[in-house]
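Here are the chains, one letter per residue:
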Amino acid sequence: MQEREGLKPQETLFDTEEMMLNMGPQHPSTHGVLRVLLKLDGETVVDLDCDIGYLHRGVEKIAEHDTYAMITPYWDRLDYVAAVSGDLCYVEGVEKLLQVEVPRRAEYLRVILTELQRIASHLLWLGTHAIDIGAVTVLLYCFREREEILKIFEDFIGARLTAHAFRIGGLWWDVYPEFEKRVRDFLKIFPDRVDEYETLLNTNRIWLSRTVGIGILPAEEAINMSLTGPVLRGSGVNYDLRKAQPYSAYSEFDFEVPLGENGDTYDRYLIRMAEMRQSAFIVEQALDGLPEGPVMAKVPKVIKPPVGEVYHAIEAPKGELGVYLVSDGTGKPYRMRIRPPAYINLQSLKRMSIGHLVADVVALIGTIDIVLGEVDR
Amino acid sequence: MADESEDKVNKPTTEGPTTGADVPEKAQPLPPEAGSTDPAAEIEAKTELPAGEKPKTEAKAEEALPGVEKPSKTPAIEGASEKGEPATPEKVAPTPPKEGAASVKPAPPVKPAPPRTPAAEKSAGEKPAGEKPAPPKAATAAGHKPAPPAKKGPTVTVEITGDPLIDKIKQRFGEAVTEAVATFGQQIIRVKKESLIELCLYLKDDDETLFDMCTDLTAIHWPERAGQEFDVVVMLYSVANNRRLRIKVALADGEACPSVTPIWEGANWMEREAYDMFGLRFEGHPDLRRILLPPDWPGHPLRKEYPIEYRDNEWTDKHIEYREVDYDTSLIDVKYAERR
């Protein structure tokens, strides 16, 4: 309320009144079907409310009626621009429950695919974020590289977007012979391409004026709001699950966790750019050390985990993607809870937007990096 | 294959009557042996073996049992009858569910068993709904502890011992902390509803614990647990100590849970989702509205009684209307103005 008081024009000749503005759910800058209700004073946001649920499919309910293996494809369709990451989270959660050890080759291939997926997801984010703010060129450039990754996925997994890459216990099949060469070809060109995006944006005056100082989140507030992923690291909090609680084979790779200083939109942009470079570096290491051997562990055909519960979380491109599985000893989970990073990060939109202009709300939706398939589940 | 199956089909018919006759005899020796391994064996027998083989396994168990039993029983009788007596009620108590489990085929004897199992489950505390007679027995044998440790295979749930933080919490909150276990190395504390806020404030503010992030908050519905139908699960993370902790609170249906949103702002939408999906009320929540479903949606989908193929036609009839589209633009403008 104090902020609101501060924003109100002082005694003037003209009376102003607050206006309600409805944004979405068909607005292209809301990245899907997010509806945002804005209360405006002139062009300044006074209050904001998100209306979500347009894509709600009840995945958690469906999971209670499906066997453990049948649930995996639903995870591709949560965050549909980072399907492989979703798979990894669920599959590792079930493996934890079954106490299955995955072959090392499968672990390495999982890391390679997940990091490629992170690059693809960040590229899509960068392209759409830039086009929201007005830089159209970047989108075309980003999709050029993203296409390469999707082609690698398509030839290996059979799908471009909803790539059902992993099975409980490993991978369904080994990679095709040219896989390594194609990934290496991509890695060869990719760092230069990131430089290219940065020449377009890093010192671009319009980009700077639209992102620097917009949506500043102090570290304590970011933690208190349960934010994770680049949004949290933009505020300078060193929390990356790949380092903090390593899963899969991440403890064997050398990489850095980029951190921001100011916690504004520009920092979050820089972090994602740096993350793409780090991901490429991880993929390179994984390819160099790729062990030989099987890609599938011995897993019973009918999966019946012991009675118990497990929480497993991975560092998805959007943040901490978690699964909480409660098993009652039968072939179907008693309860499956998805901890969606985008859903929880979206909470901070209100906090970040108040006091900024309507146009900044668009930039802020972009900086959180939401995918409504995951927000609504 | 056809021959085999015929044989299998034939067997139960020949042996069926004998098993029926054997039931009273078997029921007595079986239960004491039940211990930990038997329930799993039973489940296997139920699910995997064809009906014809069941009598055999039972017979084997029966043969094995007396041999094990006798040495333990006889000294009790020889030494003191008092010792023997307290032992017997324990053994007698599980018998009725056992009877039901052992004789799967003959329907009538099974029926008396189910009503007793819920009672046993209540006493055992936390218990999943799916398994019927076996786990309660294992739980009673283990001394009123949750079923998981008694299950066959690797023990996944163990009591936490020697953890300084958990010990400190136990010491500070005493009886309010009813359970402190670790599953797959993940620590879970069960706390009474009244002490939830106090515990959360302590965990957040204390310099040693410093659980500054509420990673997730959700609920689980256990319709069989009378008086404790819901578990609210709060997952905490400490950025400074890189440590996780899970807090559980049991609630009765219709009971309100104290909200942790004033403590961790991030719990806001998580609690709204729990309200939306389970109908749980969170006292002290600043803005408790439905979040994923429409405000007037009937029912709460993640409750177990909510059917999966539920299509609410009333709601759709009310909200989705099919209208004739008039392409005269002036008319559309008028309609739009009217609607506003």
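Residues numbered from 1 in each chain as written. Chains lettered and ligands numbered in written order. Predicted model: local features only at pLDDT ≥ 70, side-chain atom pairs only at ≥ 80, totals over all residues.

Assigned secondary structure in chain B consists of 14 helices and 8 strands. A total of 340 residues make up chain B; the buried ones form 31% of that total. Long-range pairs, those at least 24 residues apart, make up 51% of the contacts in chain B between residues at least 6 apart in sequence. (Helix = DSSP H or I, 4+ residues; strand = E, 2+ residues; numbered from the N terminus. Buried ≥ 20, exposed ≤ 12 C-beta atoms within 10 Å, placed from the backbone. Contact = placed C-beta atoms within 7 Å.)

Moving on to the overall build of chain A. Across its full length, chain A carries 16 helices and 8 strands. Against the compact-globule benchmark of 21 Å for 377 residues, chain A has a radius of gyration of 21 Å, which places it among compact chains. Taking the principal axes of the C-alpha coordinates as reference, chain A spans close to 80 × 50 × 35 Å. The 377 residues of chain A split such that 54% are buried. Taking the intrachain contacts of chain A between residues at least 6 apart in sequence as the baseline, contacts between residues at least 24 apart amount to 71%. (Rg over C-alpha atoms; globule rule 2.2 N^0.38 Å.)

Quick look at the pairing of strand S6 (residues 243-251) of chain B now. Residue and element names in this part refer to chain B. By the bridge criterion, 4 bridges tie strand S3 (residues 186-191) to S6 in an arrangement that is parallel. The partner of Ile188 across the bridge, within S6, is Arg246. Bridge count for strand S5 (residues 230-238) against S6 is 9 bridges, and the pairing is antiparallel. When the bridges of S6 are listed, Leu236 appears paired with Leu245. From the end of S5 to the start of S6, which pair antiparallel, there are 4 residues, and Asn242 there has a positive phi angle of about 50°. (Pairing = 2+ DSSP bridges.)

Turning to the sheet that holds strand S1 (residues 19-23) of chain A, a few remarks are in order. Residue and element names in this part refer to chain A. The strand order S1-S2-S3 describes an open sheet built from 3 strands, whose pairing is antiparallel. This sheet does not close on itself; its edge strands, each paired only once, are S1 and strand S3 (44-51). Ignoring which end each strand starts from, the neighbouring axes of this sheet average 20° apart. Of the strand pairs in this sheet, S1 and strand S2 (residues 35-41) are connected by 5 bridges, and their pairing is antiparallel. By the bridge assignment for S2, Met19 is matched with Leu40. (Axes fitted to C-alpha atoms, helices over the stretch in contact; angles between N-to-C directions.)

Let's shift gears to helix H5 (residues 104-133) of chain A. All names here are of chain A. With 30 residues, H5 extends 43 Å between its outermost C-alpha atoms, agreeing within 8% with the 44 Å of an ideal straight helix rising 1.5 Å per residue. In terms of residue burial, H5 counts as a mostly covered element, since 28 of its 30 residues are buried. Of the residues trailing H5, Gly134 is marked for its positive phi of about 125°. (Expected span 1.5 Å × (residues − 1).)

Attention now moves to the pairing of S2 of chain A. All names here are of chain A. Both S2 and S3 contribute to a ladder of 7 bridges, which runs antiparallel. Among the inter-strand pairings, Val36 is bridged to a residue of S3, identified as Cys50. In textbook terms, the turn of a hairpin is the stretch between consecutive antiparallel strands, and for S2 and S3 this stretch comprises 2 residues, one of which, Gly42, has a positive phi near 70°.

In this section: the interface of chain B and chain A. Listed as interface residues are 36 residues of chain B and, on the opposing side, 38 residues of chain A. Contributions of two or more residues to the side of chain B that touches chain A are made by strand S4 (213-221) and helix H12 (267-278) of chain B. At 6 residues, S4 of chain B tops the list of elements feeding residues into the side of chain B that touches chain A. Looking at the side of chain B that touches chain A residue by residue, the class counts come to 20 nonpolar, 10 polar and 6 charged. (Nonpolar A, V, L, I, M, F, W, Y, C, P; charged D, E, K, R; others polar.)

By size, the foremost hydrophobic cluster in this structure holds 150 residues, and its most contacted members are Ile112 and Ile370 of chain A together with Val234, Leu236 and Leu280 of chain B. Looking at this core element by element, the count peaks at 15 residues for H5 of chain A. Residues within four places of Val234 of chain B in sequence aside, it is in contact with Cys214, Leu217, Ile247 and Val260 of chain B. (Core = buried A, V, L, I, M, F, W, Y, C linked by C-beta atoms within 7 Å.)

Residue and element names in this part refer to chain B. An order of S1-S2-S3-S6-S5-S4 is seen for the 6 strands of this open sheet, with the pairing classed as mixed. Taken across any chain shown, the strands that pair with only one partner, and hence form the sheet edges, are strand S1 (157-159) and S4. With strand direction ignored, the average angle separating the axes of adjacent strands in the sheet is 25°. Helix-sheet contacts for helix H10 (residues 164-173) involve strand S2 (177-183) and S3, and the interaxial angle to S2 is about 170°.

Right, let's talk about the packing of helix H4 (residues 83-98) of chain A against H5 of chain A for a bit. A pair of packed helices can be characterised by two numbers: the angle between their axes and the separation between those axes. All names here are of chain A. The N-to-C vectors of H4 and H5 enclose an angle of 140°; their axes lie 8 Å apart at closest approach. If you check the angle between H4 and H5, you find them oblique. The crossing of H4 and H5 is left-handed. Residues Val84, Ser85 and Leu88 of H4 form the contact with H5, whose participating residues are Arg110, Leu113, Thr114 and Gln117. Counted by class, the contact of H4 with H5 contains 3 nonpolar, 3 polar and 1 charged residues. (Parallel < 35°, antiparallel > 145°, perpendicular 65-115°, else oblique. Left-handed = near helix turned anticlockwise from the far one by under 90°.)

On to the domain arrangement of chain A. Residue and element names in this part refer to chain A. On domain assignment, one finds that chain A holds domain 1 (2-51) and domain 2 (61-376). For domain 1 versus domain 2, the separation of C-alpha centres amounts to 32 Å. Counting residues at the interface gives 19 residues for domain 1 and 17 residues for domain 2. Of all the secondary structure elements, the ones that give two or more residues to the side of domain 1 that touches domain 2 are helix H1 (2-7), S2 and S3. Per-element accounting of the side of domain 1 that touches domain 2 gives the leading share, 6 residues, to S3. (Domains from an automatic or database assignment.)

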